Amino acid sequence: MYRIGVDLGGTNIAVGLVNDSYEIVAQISVPTNALQAVEGVVAGIGNAIESVLEKGGLTGSDCIAIGVGAPGICDTELGIVSRSYSLSWNNVPLAAMLEERFHLPVHINNDANCAALAEVKAGIAKGYKNVVLVTLGTGIGSGIVINGSIYSGYLGSGAEMGHMLLDYGGEQCSCGRKGCWDAYASSTALVVQAKKAAFSRPESKLNTLSQITGQSVFEAADQGDVTAMAVINKYCEYLALGVSNIINVLAPEMILIGGGVSHQGERILEPVRKYARENCFDKREEAMPFIKIASMGTEAGIIGAAVL
Ligand SMILES: [Zn+2]
């Protein structure tokens, strides 16, 4: 049998057919057109599901369920997207709307939670039960898996690691509060830190770049730019502080880092492991979780949704 996994994003809807070995056998991606009414977006999801079934040569009767990873707070019991800022949705009964069309059970959950579940079921965290995934992008996304299941808290409003406080009254966060980890360790934050450093250091190579991006800061450091190196070092400290907070509260077996910055691999992992351990309550080496790069990339959203 197959499962249908939907990775609903603010920009694109990716849909895949997933087999019992957690492999995607067919997939498509279509624009979300998030500005249209809710009914339009949900119809778009439905059309994409039909297209992917056709592409895979299957029908709904070959599938046992539909799972949707949505960008926001989800009430998984009721199948409702309670709040999504990127879609401008409030209390959308997404599961019921799709069930009506496909007559299959529909499960929904937050997209970052789905990605974490995918890593545990089919990715680098396979075989581990307690895992946290942190995705560094425009903001910080995070998913917690405890005893093999997603933990998202009462009404689905937990597991927002990005909004742990790092610095009281500190940098402005997109959530409206000041000092969240998100405002220090997202990819966006890295770029902001690099721009500030470039401004105060006119001699830095960063000032010769046509555009400062997460990637270009690392490239400038590769070319020996001391300002870029200092920015990256500080950024890794910020990243590690949040990681140590996660360890102090949850002590998972594994913490996975995903998103754009994670392409730097060991270059960020090595300092993060060191700084994180320094800030942990239990500093014993054997108490440190494995800190690794997430393995599944964009497929995690589809596979994680499918296994809901
Ligand atoms: Zn915040």
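Structure report, in brief. (Residues numbered from 1 in each chain as written. Predicted model: local features only at pLDDT ≥ 70, side-chain atom pairs only at ≥ 80, totals over all residues. Heavy atoms only, no water.)

**A short note on the pattern of salt bridges**
- Enumeration according to the criterion identifies 8 salt bridges in this entry.
- Residues Asp-222 and Arg-267 are paired through a salt bridge, measuring 2.9 Å at the closest nitrogen-oxygen approach. Residue Asp-222 is located in helix 6 (residues 214–222), and its partner Arg-267 is located in helix 8 (residues 266–278); the two are separated by 45 residues in the primary sequence.
- On the basis of relative accessible area, Asp-222 is assigned to the exposed category, the value being 55%.
- Of the charged contacts, one joins Lys-274 and Glu-278 as a salt bridge, the two residues approaching to 3.6 Å between their closest N and O atoms. Here the residue Lys-274 and the residue Glu-278 both occupy positions in helix 8, the gap between them amounting to 4 residues, near one helical turn. (Salt bridge = Lys/Arg side-chain N within 4 Å of Asp/Glu carboxyl O. Helix = DSSP H or I, 4+ residues; strand = E, 2+ residues; numbered from the N terminus. Buried < 20%, exposed > 50% of the residue type's maximum accessible area, 1.4 Å probe, protein only.)

**Quick notes on the nonpolar core**
- With 42 residues, the main nonpolar core has Trp-181 and Val-243 as its most contacted residues.
- Elements represented by at least two residues in this core include exactly strand 9 (131–136), strand 10 (140–146), helix 5 (187–200), helix 6, helix 7 (226–250), strand 12 (254–259) and helix 8.
- With 10 residues, helix 7 is the single largest residue contributor to this core.
- Once residues within four sequence positions are removed from consideration, Val-243 is found in contact with Trp-181, Ile-255, Ile-257, Val-272, Ala-276 and Ile-291.
- Core analysis: the next-biggest nonpolar cluster, separate from the first, contains 33 residues, Leu-8, Ala-26, Ile-49 and Ala-95 among them. (Core = buried A, V, L, I, M, F, W, Y, C linked by side-chain atoms within 4.5 Å. Contact = heavy atoms within 4.5 Å.)

**What about the pairing of strand 9?**
- In terms of residue burial, strand 9 counts as a mostly covered element, since 5 of its 6 residues are buried.
- Two strands pair when backbone bridges link them, and strand 9 and strand 10 are joined in this way by 6 bridges, in the antiparallel orientation. For Thr-135, the partnering residue across the bridge sits in strand 10 and is Gly-141.
- In this antiparallel pair of consecutive strands, strand 9 and strand 10, the connection spans 3 residues.
- With 6 bridges connecting them, strand 9 and strand 12 associate as parallel partners. (Pairing = 2+ DSSP bridges.)

**Some points on the packing of aromatic side chains**
- Summed over the entire model, instances satisfying the criterion amount to 2 aromatic pairs.
- Between Tyr-128 and Phe-290 the ring centres are 6.0 Å apart and the planes differ by 70°, which places this aromatic pair in the edge-to-face class. Separated by 162 residues along the polypeptide, Tyr-128 in the loop between helix 3 (111–122) and strand 9 and Phe-290 in strand 13 (residues 290–293) bring together distant segments of the chain.
- For Tyr-128, a relative accessible area of 25% corresponds to the partly exposed category.
- The ring centre of Phe-290 lies 5.3 Å from the NZ or CZ of Lys-292, which sits over that ring. (Phe/Tyr/Trp six-rings, centres within 6.5 Å; stacked < 30°, edge-to-face > 60°. Lys NZ or Arg CZ within 6 Å of the ring centre and 35° of its normal.)

**As for the sheet that holds strand 1 (residues 2–8)**
- Judged by pairing direction, the sheet is mixed, and its 5 strands sit side by side in the order 3-2-1-4-8 without closing on themselves. Strands with a single pairing partner mark the edges of an open sheet, and in this sheet they are strand 3 (24–31) and strand 8 (106–110). Across the sheet, the axes of successive neighbouring strands diverge by a mean angle of 15°, strand direction being ignored.
- Of the strands in this sheet, strand 1, strand 2 (12–18), strand 3 and strand 4 (63–70) touch helix 1 (residues 38–55), which is tilted by about 35° from strand 2.
- Taken strand by strand, helix 3 contacts strand 1, strand 4 and strand 8, and its axis lies near 100° from that of strand 8. (Axes fitted to C-alpha atoms, helices over the stretch in contact; angles between N-to-C directions.)

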